[in-house]
Amino acid sequence: MKVKAVLWTAKMSKDGTAQVMIYVYHNRKKKYYGTGVKVKPRNWSAANEKVIGLPQHFKDSYNSIIQTQKITYLEKLAEGVPADEMKNTEPASNDDKSFLAFLTLYISELHQNLHPISPSTINSYQSALTRLKQYTRQRNLRDISFAQIDMDWYRDYHSWTSEMKLGRTAFDNHIKVVKKIMRVAQDRELHNNVAYLHSEFARKRAAKSDKIFLTVDEIKKIENLDLSEMPYLEPERDRYLISYYFIMRWEDSTKIRKEAIVENEGLHYTYRSGKSKVECTVPISNAAKALMEKRDYNFHYDSNQKANFKIKQIGLLAGITQLVQEGDVKNSKFSFITTHTARRSAATNLYLEGVDLESIARLGGWKKLETLRVYLRQSGMDVSKKAQNLNFFK
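Residues numbered from 1 in each chain as written. Predicted model: local features only at pLDDT ≥ 70, side-chain atom pairs only at ≥ 80, totals over all residues. Heavy atoms only, no water.

Trainee: Residue-level account of the packing of aromatic side chains, with values.
Mentor: This structure, assessed with the given rule, holds 19 aromatic pairs. On the numbers, 5.3 Å between centres and 10° between planes, the contact of Phe246 with Tyr269 is stacked. One end of the pair, Phe246, is in helix 7 (residues 234-246); the other, Tyr269, is in strand 7 (residues 267-272), and 23 residues separate them in sequence. The residues Phe246 and Tyr269 share a single accessibility class, namely buried. Across from the ring centre of Phe213, 5.9 Å away, lies the NZ or CZ of Lys333, which sits over that ring. It is Arg343 that lies over the ring of Trp366; its NZ or CZ is 3.7 Å from the centre. (Phe/Tyr/Trp six-rings, centres within 6.5 Å; stacked < 30°, edge-to-face > 60°. Helix = DSSP H or I, 4+ residues; strand = E, 2+ residues; numbered from the N terminus. Buried < 20%, exposed > 50% of the residue type's maximum accessible area, 1.4 Å probe, protein only. Lys NZ or Arg CZ within 6 Å of the ring centre and 35° of its normal.)

Set out below in structure tokens:
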């Protein structure tokens, strides 16, 4: 009889990690069972069957999971369960069967840079975990197991987010995280539940044409807005405009630095997109240059959440108040403005001016033209005005 923790280096992940497996052997029967714990070889002690070389709370958490499962399999052997038939008798109350515990584990791996993912995406995982725990408490659930993630759960979670008035975007982001974690956990052989692959178990994303963007005239209103009576809004207004001028994501705009300016028959700003990892070079307009000098090349002063709140205030003060509809919601246009609207607006306005998709993609750091098309949110009149000079309509 043998139960041993081993690092499964025969199947390495792209990030250089391997999963810790529990090797169970008895009466000439053997089987390897996944733990969900993944570490790099340098962080594994084969002699001690323990995770090493990581921050103490990570080591303690990982080693506790491993030790608990070893004990469980030993108990099952003592009960007479064959070594190769424990698939359906794996510990149901331990971390490897808890969706929330595994999500917590995966987030800790993200913080250790074990997976290639941006800081903003890590925040979305943490936000999803916070809301899922809140949902669990308010629904009087002890936990959420892998087995519970099905269409009934999906519909109930959607109802709960509606009750909490979290909005469609929050629900979409949470479901995206849930599907990712279910897939990762299945790859690690922690469950066999495929309900999350159902076609209806999907993000309730807005139609590709109903996300708002700001027109050139609306951007000018924000540029010319007098904020002398509300100076606390001015830094966010400037950061928002920089995102627009450079077709940037919020995360990249907070990392602007003087050293990235290149002079080559004019000034250009060059950087690597934090999300797509694409090298971008974009011309620096006089307005962008003035803002960078005004802020001493520092636009890192608020969280994304606070920035979203402030840019809505700025939109209201700028008079961007016409009634519009985004998805199923109809409201004043300023209420839909977010930090990301700047990037979407820049791409759309460039397209309306006749700039080709490939050039916009190169300037803004999109890897695929199809992805860029999602950002080209235009009304029917915008399309008509763009098309009126085509020979077809003459």
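Trainee: Go over helix 7, please, and point to the residues and values.
Mentor: In this model helix 7 runs 18 Å from its N-terminal to its C-terminal C-alpha over 13 residues, within 8% of the 18 Å that 1.5 Å per residue would give. Most of helix 7 sits out of view: 12 of its 13 residues are buried. If you check which residues of helix 7 are buried, you get Pro235, Glu236, Arg237, Asp238, Arg239, Tyr240, Leu241, Ile242, Ser243, Tyr244, Tyr245 and Phe246. At the C-terminal side of helix 7, Ile247 shows a positive phi close to 55°. (Expected span 1.5 Å × (residues − 1).)

Trainee: Break down the sheet that holds strand 1 (residues 2-7) for me, citing the residues and quoting the values.
Mentor: In spatial order, the strands read 1-2-3; together these three strands make up an open sheet with antiparallel pairing. Every interior strand has two partners, whereas the edge strands, strand 1 and strand 3 (29-39), have only one. Put simply, the sheet's adjacent strands are angled 20° from each other on average, direction ignored. Bridge count for strand 2 (residues 18-26) against strand 3 is eight bridges, and the pairing is antiparallel. Paired with Val24 across the strands is Lys31, a residue of strand 3. (Pairing = 2+ DSSP bridges. Axes fitted to C-alpha atoms, helices over the stretch in contact; angles between N-to-C directions.)

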